[in-house]
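# Geometric and topological summary
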Amino acid sequence: MSFPVMKNAGYVLVHTPDMIVQNGTTCSTERIVNPDSDFLKEIDKHIRSYEDVVNYLPNQVYIGNARPEELKNYEMPWCKQEYKGERKGKFGEITPQDEFIAAMKICDSFELVELTEEFINEIKPKIEKNYPELADRFAKVKPYDVEGDKHLLDEHKAEGLYQDGKLVGIVKQAHDVDVNLNAHTIFENLVVKASGVLAAIALLRTTSVDKDEIDYVIECSEEACGDMNQRGGGNFAKSIAEMVDLTNASGSDTRGFCAAPLHSLIHAAALVKAGVYKNVLVVAGGATAKLGMNAKDHVKKDLPVLEDVLGAFAVLVSENDGESPIIRTDITGKHNVGTGSSPQAVMTSLITDGLDKAGLKITDVDTYSVEMQNPDITVPAGAGNVPEANYKMIAALAVKRGDIEKKELKNLIDAKGIPGWAPTQGHIPSGVPYVGFMIDDMTTGDKNRAMLVGKGSLFLGRMTNLFDGVSLICERNDGSTAEEGSGVSKEEIKKIIGESLRELAENMVQE
C-alpha cells in the first residue's frame, strides 16, 4: 500500500485574558499561598488587549499570515516590535475570549455552563458572523440567573466565567463528591473540547475532504476526562467529532505529555496505511492551567504576560492523493525505554535512528520542526531559546557523525532550523506548528524532506523518571501511489494474485 499523506492543517489561538488570572495555575496557586502578593496586584497591568494579541508577529505566524523565517528580521523581544496583524489567517484564526465562552456553552452537553441574558444577547451576532457552523446550537441557549448562584463560587461548586472582569457565566460541578467531575476539572475539560472544536472547524473550512469521509479522530491534548471509576477514560475525540458533525467518525484519545501530537500522527498514519481508515483527524485543544505559567518572570521584567492564548490545532492524515507530503511510516524515530535520559541520548534516538534506517544524513533533511516554543516567552523566564538549543544539538550530532565539518555547524543551524513561534501550551509547540507550512513547502515550495520531532517529560506524572519522544519524516509526493522501494505496482500485485488463484483452482480440479 502507498504511504499516507498530510492533507490539511488548521490552527487556532484563543485570547483568554480573564482566564489567566482566574484559571491559570500560576495565579491560582499564588492566590492560595500568597493572596496579598505584589504579583497579583500588578498582573492586570501586564495583560494585553485582543488587538495587541492579533498584532503580535508570532501569533500571525501560528495562523499562517506570516512565515516563521520572517521572525529573523525582527529584534527580540518581538512583543516590543510593531506589526499589523489580522484575525483570520491561511490556517485558522485568533478567537476573542467572549466568543470562546459562547463556544464553551455550545460544547456543554449536560447543562453545566450557564450564561447571563445580557452576555447571550451581546455575543449572539458575533457567533452568527464568525462561527456560523455553531450558530444554530447557540440560538437554543437559554439565559440563566447567574447572580442568584454566585454562592456556588464561594462553595467551590462552580467556576466563574469572566469577561473584562465581569462575571458573565458559571461552570457548575457535575458531581457532589467526585473530584474528577468537580467544577475546576469540568471547566478545564470544556476548554479543551471547545478549543479543539474551533481548530477542527478551521481545518474543515479549507480541506477538500468531505466531512462524511473522515472516519476516525484522535485527540491528543494534555487533559483527561472521566469520572472516579475511570478518571482518564475519555473521550474528547468523539465529543469533538460530534460537535463538528463528523457523523461517520469514531475516535479515541492519546496521551503522552508534550509528545502526544507526534505519537498521534504516527498512529493516524499507521491506521491509514493499514487500510483501517481512509481519513484520520488528529486534533488537540488548549490548556488553561498553562495560561500565565511564566507570568511572574514577565511581570518582574516589565513585559506583557505573553502566555495569554490557548493553542489548538488539527491535522488531517489521509490516503495518498499523489500531491500532499507523504509520511514515511518506515523510518520513524523513537525514544526507547533503554535509551537513557541524557539530552544526547534522547536526540540521537529521535533524530538519527530514523535517518539511519533510510541511509540518510542529517543534511538530507531540509527542515527540522522540533519544540517550536516562542523564545519571547521562555528566554525571560530563564528557560532559554528552546528551538535554538535543539538545533545546536542536531548540528553537533551532524559533526559527530561526520555529516558536516565543525566549521559548518552554524550554517546547518541557519539552514535547517526555524525560529520558534508557538505558545507554551506543552503539547502545542511539539513539532506540529510547522505542518501547515510544510504542506505548502512540499507542494508549491522547494522543500523535499522534513522531520517533525516531539519530546515529552513522563516524570511529571510521578510514575517513571523516563523522558519520551518520537519523530517522523515527511517527503514531497512524487505523484505515484505505489510505495517507494516496493518494486511492485498495484497492477503487478493484482496479476500475481490472479495467477495464484488460477493455479490453486487448477490444482483443486486435478485432485
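What you see is a predicted model; the values in this text were computed from it and never measured.

Now for the overall build of the protein chain. A count of helices and strands for the protein chain gives 19 helices and 14 strands. The globule rule puts the C-alpha radius of gyration for 511 residues at 24 Å, and the 24 Å found for the protein chain is close to it. The principal-axis extents of the C-alpha atoms in the protein chain amount to approximately 85 × 65 × 45 Å. For the protein chain, the proportion of its 511 residues judged to be buried stands at 56%. Pairs at least 24 residues apart make up 74% of the contacts formed inside the protein chain by residues separated by at least 6 positions. When the accessible surface of the protein chain is totalled, it reaches about 22,200 Å², and 50% of it is carbon and sulfur. For the protein chain, the separation between the mean place of its 55 positive charges and that of its 79 negative charges on side chains is 3 Å.

With that settled, the discussion passes to the packing of aromatic side chains. All told, the structure shown has 7 aromatic pairs when counted by the stated rule. Between the aromatic rings of Y11 and Y62, the centroid separation amounts to 5.3 Å while the plane-to-plane angle is 75 degrees, which identifies the pairing as edge-to-face. Highlighted residues: Y11 in strand β1 (residues 5–15) and Y62 in helix α5 (residues 57–62), separated in sequence by 51 residues. Taken together, Y11, Y62, F91, W421 and F437 form an aromatic cluster joined through their ring pairs. Across the ring face of Y56, the terminal group of R48 is positioned such that the distance to the ring centre comes to 4.4 Å.

Another aspect to go through is the packing of helix α6 (residues 97–106) against helix α10 (residues 183–204). Packed helix pairs are characterised by how far apart their axes lie and by the angle those axes make with each other. Look at α6 against α10: their axes get within 9 Å of each other, and the N-to-C directions meet at 105 degrees. By the angle between their directions, the pair α6 and α10 is classed as roughly perpendicular. Every residue of α10 that contacts α6 at F100, A103 and M104 is listed here: F187, L190, V191, A194, S195 and L198. A class-by-class count of the residues in the contact of α6 with α10 yields 8 nonpolar, 1 polar and no charged.

Spatially, the 3 strands line up as an open sheet ordered β3-β5-β4, and their pairing is antiparallel. In the strand order of this sheet, the two ends are held by β3 (113–115) and β4 (158–163), each with one partner. For this sheet the average axis-to-axis angle between neighbouring strands, irrespective of direction, equals 25 degrees. Pairing geometry for β4 and strand β5 (residues 166–172), over 6 bridges, is antiparallel. Bridge pairing in β5 places A158 opposite K172.

All right, on to the pattern of salt bridges then. As enumerated under the stated definition, the model contains 32 salt bridges in all. In this structure, R328 engages E475 in a salt bridge whose closest nitrogen and oxygen atoms are separated by 3.1 Å. Of this pair, R328 sits in the loop between β10 (326–327) and β11 (333–334) while E475 sits in strand β14 (residues 467–475), and the two are 147 residues apart along the sequence. For the pair formed by R328 and E475, the shared burial category is buried.

Moving on: helix α16 (residues 386–401). Across its 16 residues, α16 extends 23 Å between first and last C-alpha, which sits within 8% of the 22 Å expected from 1.5 Å per residue. Looking at α16, one finds that the buried residues are V386, P387, N390, Y391, I394, A395, L397 and A398. Structurally, α16 contributes buried residues whose contacts are with α14 (343–357), β12 (367–369), α15 (375–378), α17 (409–416) and β13 (449–457). Capping the start of α16 is the job of one residue whose side-chain oxygen sits 3.2 Å from the backbone nitrogen of E388: N385. G402 occupies a position one or two residues after α16 and carries a positive phi of about 85 degrees.

Turning our attention to the side chain of N294. Tracing the backbone shows N294 in the loop between β8 (279–284) and α13 (295–300). Residue N294 is classed as buried on the basis of its relative accessible area of 19%. Other than its neighbours up to four places away in sequence, N294 contacts E307, I377 and A381.

Let us now look at the pairing of β4. Most of β4 sits out of view: 6 of its 6 residues are buried. Judged by which residues are buried, β4 turns out to be covered on both faces: A158, G160 and Y162 on one side and E159, L161 and Q163 on the other are all buried. Hairpin remark: β4 followed by β5, antiparallel, with 2 residues in the connecting loop; positive phi at D164, about 55 degrees.

Moving on, we come to the confidence of the model for the protein chain. When the pLDDT values of the protein chain are averaged, the result is 94; 94% of them are 70 or greater. pLDDT under 50 marks residues 483–487. Its contacts with residues more than four places away, or in other chains, come to 9 contacts.

Bringing the state of the cysteines into the picture now. Scanning the entire structure with this criterion turns up 0 disulfides. C27 forms no disulfide, and the closest cysteine sulfur to it belongs to C79, at a distance of 18 Å. Free of any disulfide, C474 has its nearest neighbouring cysteine sulfur in C220, separated by 15 Å. By relative accessible area, C474 is classed as buried at 0%.

Relative to the helices and strands, G479 resides in the loop between β14 and α19 (490–510). The sequence separation of G479 and A66 amounts to 413 residues, and the corresponding C-alpha distance is 28 Å.

So, about the side chain of Q97. The topology assignment puts Q97 in helix α6. Engagement of the side chain of Q97 in a polar contact is seen with the side chain of D18, the distance being 2.7 Å. In this structure the side chain of Q97 is engaged in a polar contact, spanning 2.9 Å, whose partner is the side chain of Q163. In this view, Q97 contacts H15, T16, P17, D18, M19, Y162, Q163 and D164; residues no more than four positions away in its chain are not counted.

Their axes nearest at 9 Å, the elements α6 and helix α7 (residues 117–130) cross at an angle of 90 degrees. In terms of orientation, α6 lies roughly perpendicular with respect to α7. Taking contact as the criterion, the partners of D98, E99, I101, A102 and I106 in α6 are, on α7, F119, I123, K126, I127 and N130. Of the residues assigned to the contact of α6 with α7, the class counts are 6 nonpolar, 1 polar and 3 charged.

Calculation rules
- Residues numbered from 1 in each chain as written.
- Predicted model: local features only at pLDDT ≥ 70, side-chain atom pairs only at ≥ 80, totals over all residues.
- Heavy atoms only, no water.
- Helix = DSSP H or I, 4+ residues; strand = E, 2+ residues; numbered from the N terminus.
- Rg over C-alpha atoms; globule rule 2.2 N^0.38 Å.
- Buried < 20%, exposed > 50% of the residue type's maximum accessible area, 1.4 Å probe, protein only.
- Contact = heavy atoms within 4.5 Å.
- Areas by Shrake-Rupley, 256 points an atom, 1.4 Å probe, with all protein chains shown as cover.
- Lys, Arg positive; Asp, Glu negative; His and termini not counted.
- Charge placed at Lys NZ, Arg CZ, Asp CG, Glu CD.
- Phe/Tyr/Trp six-rings, centres within 6.5 Å; stacked < 30°, edge-to-face > 60°.
- Lys NZ or Arg CZ within 6 Å of the ring centre and 35° of its normal.
- Axes fitted to C-alpha atoms, helices over the stretch in contact; angles between N-to-C directions.
- Parallel < 35°, antiparallel > 145°, perpendicular 65-115°, else oblique.
- Nonpolar A, V, L, I, M, F, W, Y, C, P; charged D, E, K, R; others polar.
- Pairing = 2+ DSSP bridges.
- Salt bridge = Lys/Arg side-chain N within 4 Å of Asp/Glu carboxyl O.
- Expected span 1.5 Å × (residues − 1).
- Polar contact = N/O pair within 3.5 Å; in protein donor to acceptor, adjacent residues only side chain to side chain.
- pLDDT = per-residue confidence, 0-100.
- Disulfide = S-S within 2.5 Å.

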